[in-house]
Amino acid sequence: TGVIRTYIETLLDMPWDRVVKEHKDIEYARKILDEDHYGLEPVKERVLEFLAVRALTKKGDSPILCLAGPPGTGKTSIAKSLAKALKKPYVRISLGGVRDEAEIRGHRRTYVGAMPGRLVTGLKQAGVKNPLMLLDEIDKVSNDYKGDTFSALLEVLDSEQNRKFRDHYMEVPVDLSEVLFITTANTLQTIPRPLLDRMEVIEISSYTENEKLHIAGRHLLPKQLSRHGLKAGQLSLSRAALGKIIRNYTKEAGVRQLERVIGNICRKAAKEILETGKKEIRISERNLEKYLGKEKFVYQMANTEDEVGIVRGLAWTSVGGDTLQIEVNVMPGSGEILLTGQLGDVMKESARTGISYIRSVGETKGIADNFFKEHDIHIHIPEGAVPKDGPSAGITMATAMLSAITGKKVRADVAMTGEITLRGRVLPIGGLKEKLLAAKNAGIKTVLVPKENARDVNEIAAEITKGLEIRLVSQMDQVLEAAFVKEKE
Ligand code: ADP
């Protein structure tokens, strides 16, 4: 019957012992990676080291690379170049939203409409048993009642077990041991520990405006031009126009929207050339609106006035940095703490830590003994598009509360990030580069950064820190000193 026929065809299509020879030339790999990508030097270096080690050791021992970073930062594209460099077929398996173990391991053939799992399908598609297989968005896998997707993936990525991978549909073991697996993830937080332990993580961070300009000019524009059948001379985009696209028509850590917007322009230009017979279209800052319509993003700029109880914090999210405004009101009441808006559990905890700290130093700050019994404190974080959670808003919340309680104004051009302890110590945080970029875009002048992050500050390119005053703080008193508006004497 049809079922058996499909099964046999699948068996025959499998590349049981077909292999390609791996091209082991590091210099060639470097050339390909450089041609296809601007910047990303540390990432390229790590990838080349990986290839070097791989050339020297037996394949089975090499760890699995995981490229981790926000969307559109070139993770997939690096994997593709790597396949090109090794002269191996490339297959991408998208794991985003996979919840059912059968998607990985296949259905038993007794099941109606049974199919092999995605790995077997991928291998069949590759046509050889040693392709480069990209497991895209491994952080977006989850478990449901239909079995354990993670343990299936563990088996896939384990060089001891994947020699005899069991796919329910295939029934005969499939050898995955010669596949070069590469994974990508937006965030490492949702990947279970055992899986993460099997991978060697290479982090890719957000691009700066300048980097985006270069990527657009050298890679995205030429790519989109040829995709739309245009020659380089037929459409030109001024540097200022590109800058404006980056700032006002896209908001992202990577360059995916940017590429899409450039594609839109190419489409419109192609139509215009056909309709009007123009030889060349030049797009500058001035006529950009004609092609793209009104600006989509105007950055939420720093508050223009110093205010009481409002402090700007900096957040790191899986799609890049953002600023978040924390608002605190104090009103007569009975000592209740209200938390509203977009607060995750970790944030709630650090709000409480902040309050304990404030109570412990109340006396030195001139707060009356019975203040907390007779007032309610309300902390609010306005909703943003991307959920944020983490301890790094600790000092921001504490500052906003102290400001609301004491009536002291907070400088509008200051932003801060740092975890707080009960004793008012400031602890280090992650994602500093993204946070500084966000602060800069929002027009912040002074950023308070935990002292223990000093090393990260030094590693961040001058392009980002230029124009920002970065103050290292280790105690809440230093935070308050910098954040509160000096009272005139
Ligand atoms: P990710 O997999 O990280 O989401 P992609 O690899 O899909 O991102 O990248 C989106 C687009 O941006 C692709 O067309 C890619 O080639 C391009 N791109 C990203 N980073 C760079 C870079 N550093 N140089 C050149 N092109 C890049």
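Now for a description of the structure that goes with this document. (Residues numbered from 1 in each chain as written. Predicted model: local features only at pLDDT ≥ 70, side-chain atom pairs only at ≥ 80, totals over all residues. Heavy atoms only, no water.)

Attention shifts here to the overall build of the protein chain. What the protein chain contains, in helices and strands, is 19 helices and 18 strands. Its C-alpha atoms put the protein chain at 85 × 60 × 45 Å along the principal axes. Here the protein chain holds 489 residues, and 48% of them are scored as buried. Approximately 24,100 Å² of the protein chain is accessible, and the part contributed by carbon and sulfur atoms is 50%. Averaging the coordinates of the 74 positive side-chain charges in the protein chain and doing the same for the 67 negative ones gives two points 6 Å apart. (Helix = DSSP H or I, 4+ residues; strand = E, 2+ residues; numbered from the N terminus. Buried < 20%, exposed > 50% of the residue type's maximum accessible area, 1.4 Å probe, protein only. Areas by Shrake-Rupley, 256 points an atom, 1.4 Å probe, with all protein chains shown as cover. Lys, Arg positive; Asp, Glu negative; His and termini not counted. Charge placed at Lys NZ, Arg CZ, Asp CG, Glu CD.)

Bringing the sheet that holds strand 18 (residues 469–473) into the picture now. Reading across from one edge, 11-12-10-9-14-17-18 is the order of the seven strands in this open sheet, with mixed pairing throughout. Edge strands, defined here as strands with exactly one partner in the open sheet, are strand 11 (337–341) and strand 18. Each strand axis lies, on average, 30 degrees off the axis of its neighbour in the sheet, ignoring direction. Summarising the sheet, strand 9 (residues 310–317) and strand 10 (residues 320–332) pair through eight bridges and their orientation is antiparallel. (Pairing = 2+ DSSP bridges. Axes fitted to C-alpha atoms, helices over the stretch in contact; angles between N-to-C directions.)

This next bit is on the packing of aromatic side chains. This model, assessed by the stated rule, comprises two aromatic pairs. For the ring pair Tyr7 and Tyr169, a centre distance of 5.6 Å and an interplane angle of 70 degrees mean the geometry is edge-to-face. Here Tyr7, found in helix 1 (residues 2–13), pairs with Tyr169, found in the loop between helix 7 (149–157) and strand 4 (180–185); they are 162 residues apart in sequence, far enough to count as distant. Between Phe371 and Phe372, the ring centres sit 5.5 Å apart and the planes meet at 80 degrees, which makes this aromatic pair edge-to-face. An identical accessibility class is assigned to Phe371 and Phe372; each is buried. The ring centre of Tyr28 lies 5.1 Å from the NZ or CZ of Lys87, which sits over that ring. In this arrangement the basic side chain of Arg109 is found over the ring face of Tyr7, its NZ or CZ atom lying 3.6 Å from the centre. (Phe/Tyr/Trp six-rings, centres within 6.5 Å; stacked < 30°, edge-to-face > 60°. Lys NZ or Arg CZ within 6 Å of the ring centre and 35° of its normal.)

Attention now goes to the site of the ligand. Taken together, 19 residues lie around the ligand, and Gly72, Lys75, Thr76, Lys223 and Arg256 are the ones closest in. Here an oxygen atom of the ligand and a side-chain polar atom of Thr76 are 2.3 Å apart. Within the side chain of Lys223, one N or O atom sits 2.8 Å away from an oxygen atom of the ligand. The protein chains hide 91% of the 550 Å² of surface that the ligand would expose on its own. Breaking the shell around the ligand down by element, the ones donating at least two residues are helix 4 (75–86), helix 9 (209–227) and helix 11 (256–276). Ranked by the residues each element gives to the shell around the ligand, the list is headed by helix 9, at four residues. A per-class count over the shell around the ligand returns seven nonpolar, seven polar and five charged. Summarising the domain contributions, the shell around the ligand has at least three residues from each of domain 1 (2–203) and domain 2 (209–292). (Near = heavy atom within 4 Å. Polar contact = N/O pair within 3.5 Å; in protein donor to acceptor, adjacent residues only side chain to side chain. Nonpolar A, V, L, I, M, F, W, Y, C, P; charged D, E, K, R; others polar. Domains from an automatic or database assignment.)

Turning our eyes to something else, we now look at unusual backbone geometry. Despite not being glycine, Leu40 shows a phi value in the positive range, around 55 degrees. Relative to the assigned elements, Leu40 resides in the loop between helix 2 (26–36) and helix 3 (41–56).

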